[in-house]
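# Descriptive analysis of the structure
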Amino acid sequence: EIDRIKRDNEDLIRVVITFLTRRPRPITRVQIAEDIQRALKSFNEKEINFNYVNEYLERQFSIESEKHTTIDDNYTPWLHNRKGGVDKRFWERYASYLRYDQHWAPDTIDKLDDITDDILNHLNDPKSNGDWDKRGLVVGQVQSGKTSNYTGLMCKAADYGFKVIIVLAGMTNDLRSQTQLRIDLGFLGWDTLVDRTDATDTRNFGVSKYDSRPQAHYLTTSAMAGDFKTTSRRITGTNPKAGNVVMIVKKNPIVLKELISWFSDYGEMLGNGMKLIKGLPLLVIDDEADNASINISADSISSINGLIRSLLSLFQQSAFVGYTATPFANVFIPLTEKEDNVSRGLNIQMPDYWKFSGKDLFPKDFIINIPPPSNYIGPKEIFGITAEISADNEKNQQGLPLIRQILPDEYGTFFPDKHKMSHNLPDELPESLKKAIKSFILVCSIRRARGQINTHNSMLIHVTRFVRWQNKTATLVNRQVKFYQEQIQYKQGNLINELRDIYTNDFLPTTTEIIAKKEFEDSSLITPNWLEIETQLHKAASKIQVRAIHGDTTQEGLEYDNVTSLDYYTYREFGLSVIAIGGNKLSRGLTLEGLSISYYLRSSTMYDTLMQMGRWFGYRPGYVDLCRLYTSEELIKWYKYITVASEELRVEFEEMKIQRKRPVNFGIRVRQHPDILKITATNKMRNSQEMELTFSDKLRETWCFYRDKDLIFDNYLHTASFINSLGTPIEKNNQPYVWSKNDNSSDVLRFFKGYKSDNRLEHQKIIEYIIEQEKVGFLTNWTIVLISNERNKINNFFRVNGEFVFVGLTMRSDSAKGAGSYYEISRSHIIDPTHEFIDFDISGLQFKKSLELTIQDWMTSDRKNKRLDEPVTPSGKNIRANRLPTNGLLLIYPLEPKPEGWESSTLNVPIIGYAISFPKNENDKKLKYKVNEVFMEEYDYESNSEIDQFI
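This one's a predicted model, so the numbers in the text were calculated from it and none came from an experiment.

## Section: the overall build of the chain
Assigned secondary structure in the chain consists of 26 helices and 30 strands. Of all 951 residues assigned to the chain, the portion counted as buried reaches 59%. Partitioning the intrachain contacts of the chain with sequence separation of at least 6 by distance along the chain shows that 80% fall at a separation of at least 24.

## Some remarks on the nonpolar core
In terms of nonpolar packing, the biggest core is built from 139 residues, with Leu433, Val477, Ile579, Tyr599, Phe752, Ile770 and Phe798 touching the most fellow members. Of the residues forming this core, the biggest block, nine residues, is contributed by helix 13 (residues 431–449). The contacts of Phe752, once residues within four sequence positions are left out, are His763, Ile766, Ile767, Ile770, Leu890, Tyr914 and Ile916. Membership of the second largest hydrophobic core comes to 47 residues, among which are Trp132, Phe187, Ile285 and Tyr569.

## Let's talk about empty space enclosed by the protein
A full pass over the atoms with the stated rule returns 10 cavities of 30 Å³ or more. The computed volume of the second largest cavity comes to approximately 110 Å³. Residue lining of the second largest cavity: Ile377, Ile382, Leu402, Leu595, Ser596, Ser598, Trp616, Arg620, Val624, Cys627, Arg628 and Leu629, and that is the complete set. Among the secondary structure elements, those contributing two or more residues to the lining of the second largest cavity are strand 16 (595–600) and strand 18 (628–632). Of the residues forming the lining of the second largest cavity, the biggest block, three residues, is contributed by strand 16. By residue class, the composition of the lining of the second largest cavity is eight nonpolar, two polar and two charged.

## Some details on the sheet that holds strand 2 (residues 132–139)
Strands belonging to one sheet form pairs held by backbone hydrogen bonds; the direction of such a pair is parallel or antiparallel. Here eight strands make up an open sheet; going across it, the order is 1-10-2-9-8-3-5-4 and the pairing mixed. Only two strands of the sheet have a single neighbouring strand rather than two, namely strand 1 (69–72) and strand 4 (217–218). The pairing of strand 1 with strand 10 (residues 366–369) spans four bridges and is classified as antiparallel. Note on strand 10: the bridge partner recorded for Asp72 is Phe366. Strand contacts of helix 7 (residues 146–160): strand 3 (164–169), strand 5 (245–249), strand 8 (282–287) and strand 9 (317–324), with the helix running at about 180 degrees to strand 8, the strand carrying the most contacts.

## Here's the deal with the side chain of Arg404
Within the secondary structure, Arg404 is located in strand 12 (residues 403–406). In this structure the side chain of Arg404 is engaged in a polar contact, spanning 3.1 Å, whose partner is the side chain of Thr510.

Reading the values: rules and limits
- Residues numbered from 1 in each chain as written.
- Predicted model: local features only at pLDDT ≥ 70, side-chain atom pairs only at ≥ 80, totals over all residues.
- Heavy atoms only, no water.
- Helix = DSSP H or I, 4+ residues; strand = E, 2+ residues; numbered from the N terminus.
- Buried < 20%, exposed > 50% of the residue type's maximum accessible area, 1.4 Å probe, protein only.
- Contact = heavy atoms within 4.5 Å.
- Core = buried A, V, L, I, M, F, W, Y, C linked by side-chain atoms within 4.5 Å.
- 1 Å grid on protein atoms, 1.4 Å probe; cavity = no way out; pocket = protein on both sides within 12 Å on 5 of 7 lines; lining within 4 Å.
- Points joined across faces, edges and corners; volume = space filled by probe spheres on them.
- Nonpolar A, V, L, I, M, F, W, Y, C, P; charged D, E, K, R; others polar.
- Pairing = 2+ DSSP bridges.
- Axes fitted to C-alpha atoms, helices over the stretch in contact; angles between N-to-C directions.
- Polar contact = N/O pair within 3.5 Å; in protein donor to acceptor, adjacent residues only side chain to side chain.

Purely geometric numbers; function is a separate question.
Listed below in structure tokens is the structure:
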């Protein structure tokens, strides 16, 4: 009876969505209410939960996505000329599946329709003749729906005439199998896992329930061993020229060689001994395109990279579209590598034939950036960081309160940071991990109390890359879970009281805080009372399983029967509750359904590695407030740093689109961006041993300070001495201490050389950059400002011309609130946006022109979250564009020594930070350096001082 009433409510929602999708956007609450009443005529109103239906629809129609941005080369549009004559059956049934089964918001589906049209339009018309080869890259956030995006692309490609579609799905059986299942559901409409399929009826599998007529031949299955094999019964007798051939394969040399060899049998022999497949348009989709596909061999072509190139060369008409959340390595692919003598075709008989393939995989034709929908929870939302600087940086812009920092003392004796495979294994779990497991039990119980009963729940434990350690950790976790399950079942011990304390002191305040945030409005984020949760504890805890997820089938060290895969689909009716312990297999591509609790300690300083390990990003409808990330202070710091860099890269991407730059320009721009110093592994940049760096049009700021009393004191003394040496200041734009001179770059260099930065590598590059510009007549004239606020003026910190002066210290919130080793400025911006034009005359031409361009940008912007009123101050981008290339701006910020959370600190001098604004100068002298040398340098400031000197 309950299921029938639930189905009635869902059926009503479907009818109302059908009505609403016929209305022009945006949809209002009044329109939703009208269409509900209109649809209710066909239902029994007594069995309808009106509030649930209304809130669900309002939430769905409030989710919006920004328009994607595209950097492309010259191309000939073709798709819209064919739209009226194409029966888009694959796409239309997929859109219905997303809308009704996956509960996608209507605006998100509309944006997917636009994006996949644009991608396909940048490829060639598959109905066209001749030789063509297209290469592109699609960039999205981690766990933001890239698989769904390329499934939509596959549907459109099949509708418009691509005959062979190959998805390169990671390097593990788990990821390939998971991807195949997603394609089975969203594209094929057929369960390819024979052991699971009910032979009597698969008509209602995935998209097939909406239309069973579109058909495709599948040559791989979702079984763990379902990768491409020419010996398979499904492949025997299959002719790819029949069309609509789909396969999901690993990036594995054996598999790829077998695939190429099988396809070559259908190739036409050319006069030069090469084989070429004609009249069979190929689309290759490379999932996680920065992983394994990049050529890392310095002397030849590495195998997987070469095999992908060989596959493309074998087809006369081919398109390659890479998907990634971390595009850094892809734009380091060399542009100068020449084609072979024969541009298309392949000599399959030649030994090591993949080494004689065509051009590398640089996305020469287009790069598309996909903003996630407004309900996506990513690094920007978790850490509260954005590239935009606004006057309200300090107001209502904190990250989500989901991070629980673990100190080294809490985990170091169990999981040392630099442990080896052979080191002694732990005999018990750290208390912080036990608390994380208790939190997971609570999450499962609270979700049940909210009515989210038959849902997947996942916890991630990622503390080591060694299988031996993973198995031992899984054994200890399984033991602990069994102990907790027994305590809950028989109401023994103090566990239930401990769970109540965690709920009262952690979960309740966090949920209350998130509910208060308008941007995370979700009516299902209710706060059940403890009795409601306690009644669900036994059912929730008893479902929890522990699994070690890795590629070793020996299960050495495991003391229980463990399933080493995440088979969510098998548990689709009742929901899988699982604690997954793993390493590399969990850090690339695998989706953890219903992930709420993450316990993560593995460290890396590479942007792409860290971002890909962020499995906790994604969509959390109805339980975002319950999510927790237990991790170390160092990893929090690194994630904030790469979030800043990634956000800056996104802004740069949008700017390059406005300037109509080409993909090659994007590649060069990233190479020259200062943040390349840590973005990816050295071997992925092997063809760019000598690289260039520029700070042109950059604002660099200090926003993270090592909490070392001696270091802070030294920087204060150095700054005080520096300010006292500058002579008489002038007052400008409400700042009393401004020094603006010609030929004073030596002063700026003196400040930087004496300042001890947390980011030593970038700090040193700034010094080198200024020196190089000075040699060619740039950055010779500087404005130096000691920032003074109107409030809290103190006269015993700084001398000017030998006399103590009143300086108002700047207050910036500490996002860590006094905890840990670092003072991290909230939102990662030290600068006040009005300070970047202190060196401008506000009645002069520079200021007026900068403001005019800013207003023009605002008027032409189609961003949904842009400010409502016209800007009254110029943006940093336009300020830097109108500053003379000879002029630089250095802003020195003396910060309050006791920000929030530092009340007990004994520090009694200002913390010195700076912001430096470089003019836009396309003719600047780039810094050249060797990548390998840079990567050998230390990244973090090392000090022998104890952190607790003033804590």
